[in-house]
Amino acid sequence: MTQKVAVLGTGKIGEALLSGMLRGGWPPADLLVTARRAERAEELRSRHGVVPVTNAEAAKTADTLILTVKPQDMGALLEELAPHVPAGRLVISGAAGITTAFVEDRLTAGVPVVRVMTNTPALVDEAMSVISAGSHAGEADLAHTEEIFGSVGKTLRVPESQQDACTALSGSGPAYFFYLVEAMTDAGILLGLPRDKAHDLIVQSAIGAATMLRDSGEHPVKLRENVTSPAGTTINAIRELENHGVRAALIAALEAARDRSRQLASGTKD
Ligand SMILES: NC(=O)c1ccc[n+]([C@@H]2O[C@H](COP(=O)([O-])OP(=O)(O)OC[C@H]3O[C@@H](n4cnc5c(N)ncnc54)[C@H](OP(=O)(O)O)[C@@H]3O)[C@@H](O)[C@H]2O)c1
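Throughout what follows, the structure given in this document is the object of discussion.

Rules and cut-offs
- Residues numbered from 1 in each chain as written.
- Predicted model: local features only at pLDDT ≥ 70, side-chain atom pairs only at ≥ 80, totals over all residues.
- Heavy atoms only, no water.
- 1 Å grid on protein atoms, 1.4 Å probe; cavity = no way out; pocket = protein on both sides within 12 Å on 5 of 7 lines; lining within 4 Å.
- Points joined across faces, edges and corners; volume = space filled by probe spheres on them.
- Helix = DSSP H or I, 4+ residues; strand = E, 2+ residues; numbered from the N terminus.
- Nonpolar A, V, L, I, M, F, W, Y, C, P; charged D, E, K, R; others polar.
- Salt bridge = Lys/Arg side-chain N within 4 Å of Asp/Glu carboxyl O.
- Buried < 20%, exposed > 50% of the residue type's maximum accessible area, 1.4 Å probe, protein only.

## Observations regarding the layout of surface pockets
Think of a ball as big as a water molecule: rolled over the atoms, this probe shows where empty space is left. Here the second largest pocket defines a volume of roughly 1000 Å³. Forming the walls of the second largest pocket are 32 residues, and the residues nearest its centre are Gly-11, Lys-12, Thr-68, Val-69 and Lys-70. Elements supplying a minimum of two residues to the lining of the second largest pocket: helix 1 (12–23), helix 4 (74–81), helix 7 (163–171) and helix 8 (173–190). A per-class count over the lining of the second largest pocket returns 12 nonpolar, 13 polar and seven charged.

## Here we look at the pattern of salt bridges
Applying the stated rule across the entire model yields 17 salt bridges. Note that Glu-43 and Arg-47 form a salt bridge whose closest N and O atoms lie 3.5 Å from each other. Taken as a pair, Glu-43 and Arg-47 lie in helix 2 (residues 38–48) at a separation of four residues, close to a single helical turn. Using a relative accessible area of 32% as the deciding quantity, one classes Glu-43 as partly exposed. With a closest N to O distance of 2.7 Å, Glu-146 and Arg-157 form a salt bridge. One end of the pair, Glu-146, is in helix 6 (residues 139–149); the other, Arg-157, is in strand 8 (residues 153–157), and 11 residues separate them in sequence. Arg-157 gets classed as partly exposed once you look at its relative accessible area, which sits at 36%. It is possible to trace a salt-bridge network through shared partners that takes in Glu-15, Arg-40, Glu-43 and Arg-47.

In C-alpha cells form, the structure reads like this:
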C-alpha cells in the first residue's frame, strides 16, 4: 500500500524533513508539499522535484499530514484543513507549544494526532525528534511517525507532559551550542588567534567532544575529569565558569525556554 505524505507549510523545518526523506529513498511521487507563496512553491519544485499542491488537496490525497507552520499560523491552517481531513488521516504537528488537544479540537472527531518537536540538525540528518501521541493515536501512528522522522536523525517517545521540557532541551538546544562556539571564538580572538583559526579549533573540539559523548558510553563528568589534571589549565578555566555561574545560567535559560513553550501552548503569544 502506498503511503502518501504531505508536508504543509514547507519552510525551514519542513524542507529539512522533506530533503531527508528524499535522501532516505522516499519516492518523490509519494511526497506532497504546500507553501503559502507561489515563489516558495516553485522553489520547492525546482529544488526537490516535488509537486506543490494546495492545503485542501494535500488533506484529501495524503495518508499523513505533517504540519510545519509556525505556532501562530496553526489555528488558521487547521481551520482551512478541517473540512477536508477525513477520519483515519494521521496528522503530525511539528509546531512548538501546540498541543495534540489543540489540533484534535479543530479536526474531525477521532483523527489521530501525533506531536513532534524536531530540531535544525535535521538538515544534516542529525536531528533529535521527540514524539508524543494524542488521545486517538496508536502504536501504528507512532511507528509511522518514527519512520518519517527517523530519516533525519534520532527519535524518542515521551509523554506529552514532557514536550515543553524537550522543546527547551533539544528543540532550542542547537542554538545554545552555536552561542557557546561564538563566545569561545571571541575568547580565541582575545587570546590573539585569527577568527578563522579560532573557529576551526572550537568547532573540531565540539565535534570531538560530541562524538565522545555519544560513542564512549562514559558519563560527561568522567570525560571532563580526564582533561582536568591537578593544578592544570582546565581546572583554572572551570573555576572561572563556576565563579560566573555558568551552570546556574544554563539551568535558568532552559527553564525560561520551557516556560515560553508553555505560554505558546496556552495561547499567550506575547
Ligand atoms: N526552526 C527551528 O529551530 C525549529 C525547531 C523545532 C521545531 N520548529 C517548529 O517548526 C515549525 C516551523 O518552523 P520553521 O523555522 O521551519 O518556520 P518557517 O521557515 O517560517 O516555515 C513555516 C512555513 O509555513 C508557511 N505557511 C504559513 N502558513 C501557511 C499556510 N496556511 N499554508 C501553507 N504554508 C503556510 C510559511 O510561509 P511564508 O514563507 O509565507 O511565511 C513558511 O514557509 C514551527 O512551528 C516551529 O515551532 C522549529
